Structure formats: C-alpha cells, structure tokens
Amino acid sequence: MKKKNQKRNEALKLKSAIETLSFQTNWGLKKLGGEKYAEPAKVEVDYLTELGLVQDILSIKELVDGIRNEFQVEPCVELGDFCNSLITIALGIGRVENLHNMGLPNDWEELMQKKLLKIYYPDEVRNNIFEWAKSSGYNTSTYLGQPIVKFNKLFIRLERDV
C-alpha cells in the first residue's frame, strides 16, 4: 500500500511541476511578446518531461530568480547554453536580444550528455553569486577552479562575462 501511495505522490508531484513549467513558460512568452511561440514551447515542455529535466529547469529558474533578487543582475545576453530554448528564455534563465531572431533550438539530449552547462554573469559579481548560492543551500562545488551549482541531472557552471 505504501509503494502505491508513494508512486501516486511522485506522479502528482511531477504533474504539478509540468503544469508549473507550462504556466511560467506561457507567462514569460507573453511578457516577451512571443505568444505565437506557445505551441513550440509546449513541444519543448513535453520533450523536457520525457528527458526528466522538468525539476532541474524549475530549480535553475529558482537559482536565477534568487540571484536577480539578491544582486539585481540578469544572465548575460546571448551567452551560455540556455539562449536557444524558448522555455529557458521565457523563464529568464537565458536571454536574447530579440526572441524572433533566436537561433536553432537546443538539443536537450546533447546538453544532457554535455552535463556541464554555462550561465554567464558580470565579472564583478560572479564570485559573490557563487558564495550566495553556497550559503543559500544549493549543492555547489568547483571544477578546475570554476564554480559549479549541481542539480539532479544538470550542472551549471557560473562563468564570467569578460
């Protein structure tokens, strides 16, 4: 009986996370004037669900939102591994100058194999961001001296915009 309830709770948690991701993506696209991208974004949500990345993307959004609130900085425009995804752009994880001129969409399977993805922040706050992430309970470490924030399936390397 416990296993059945546990599986049911996990299924409900996943369903809730998918609905949250879909809602926040549509909201973000509306704010960016990209309502016409709702259908491709839905396809991307389905793909991320299939790959088991929904919770990681929502957690990365929480990290980026926390950084925005704490330091009043955004990820750098057109830099990093999240600039070709409708979802990550709508969530504010990746940024582009013009949503309508965005490049080819991310191949999430390829990014999962890469595992170590980059988000760029201004040089003067990057180290403070890492210290804040560490003190805020995020799973952090370093790789070749570079700060890393670890999630379930993806690791985020905080890079300097120079």
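Just so you know, these numbers come straight off a predicted model, no measurement behind them.

Draft legend 1. Spotlight on the overall build of the chain. Scanning the chain from N- to C-terminus turns up six helices and four strands. The N-to-C order of helical and strand elements in the chain reads α-α-α-α-α-β-α-β-β-β. Projected onto the principal axes, the alpha-carbon positions of the chain cover approximately 50 × 40 × 30 Å. Looking at the 162 residues of the chain, the share that counts as buried comes to 42%. In the chain, the share of contacts with a sequence separation of at least 24, taken over all contacts with a separation of at least 6, comes to 66%.

Draft legend 2. Layout of the environment of E19. Here E19 shows up in helix α1 (residues 2-31). Overall, E19 belongs to the partly exposed group, its relative accessible area being 46%. Between the C-alpha atom of E19 and that of D81, which follows or precedes it by 62 residues, the distance is 24 Å.

Draft legend 3. Region of interest: the confidence of the model for the chain. Residues of the chain with pLDDT of at least 70 account for 98%, and the chain-wide mean is 91. Summarising per-element confidence for the chain, the mean pLDDT is lowest in helix α5 (residues 108-114) (88) and highest in helix α3 (residues 54-71) (97).

Draft legend 4. Structural detail: the sheet that holds strand β1 (residues 116-122). The four strands are arranged β1-β4-β3-β2 in an open sheet whose pairing can be described as mixed. The open sheet terminates on both sides in strands that have one partner only, identified here as β1 and β2 (139-143). This sheet shows a mean twist of 35 degrees between the axes of neighbouring strands, independent of strand direction. Strand direction decides the pairing type here: strand β3 (residues 146-150) and strand β4 (residues 155-161), joined by three bridges, are antiparallel. Bridging from a neighbouring strand, K150 pairs with F155 of β4. Against the sheet, α3 makes contact with β1, β3 and β4, and its axis sits at roughly 15 degrees relative to β1, the strand it touches most. Against the sheet, helix α6 (residues 123-135) makes contact with β1, β2, β3 and β4, and its axis sits at roughly 155 degrees relative to β4, the strand it touches most.

The rules behind the values
- Residues numbered from 1 in each chain as written.
- Predicted model: local features only at pLDDT ≥ 70, side-chain atom pairs only at ≥ 80, totals over all residues.
- Heavy atoms only, no water.
- Helix = DSSP H or I, 4+ residues; strand = E, 2+ residues; numbered from the N terminus.
- Buried < 20%, exposed > 50% of the residue type's maximum accessible area, 1.4 Å probe, protein only.
- Contact = heavy atoms within 4.5 Å.
- pLDDT = per-residue confidence, 0-100.
- Pairing = 2+ DSSP bridges.
- Axes fitted to C-alpha atoms, helices over the stretch in contact; angles between N-to-C directions.

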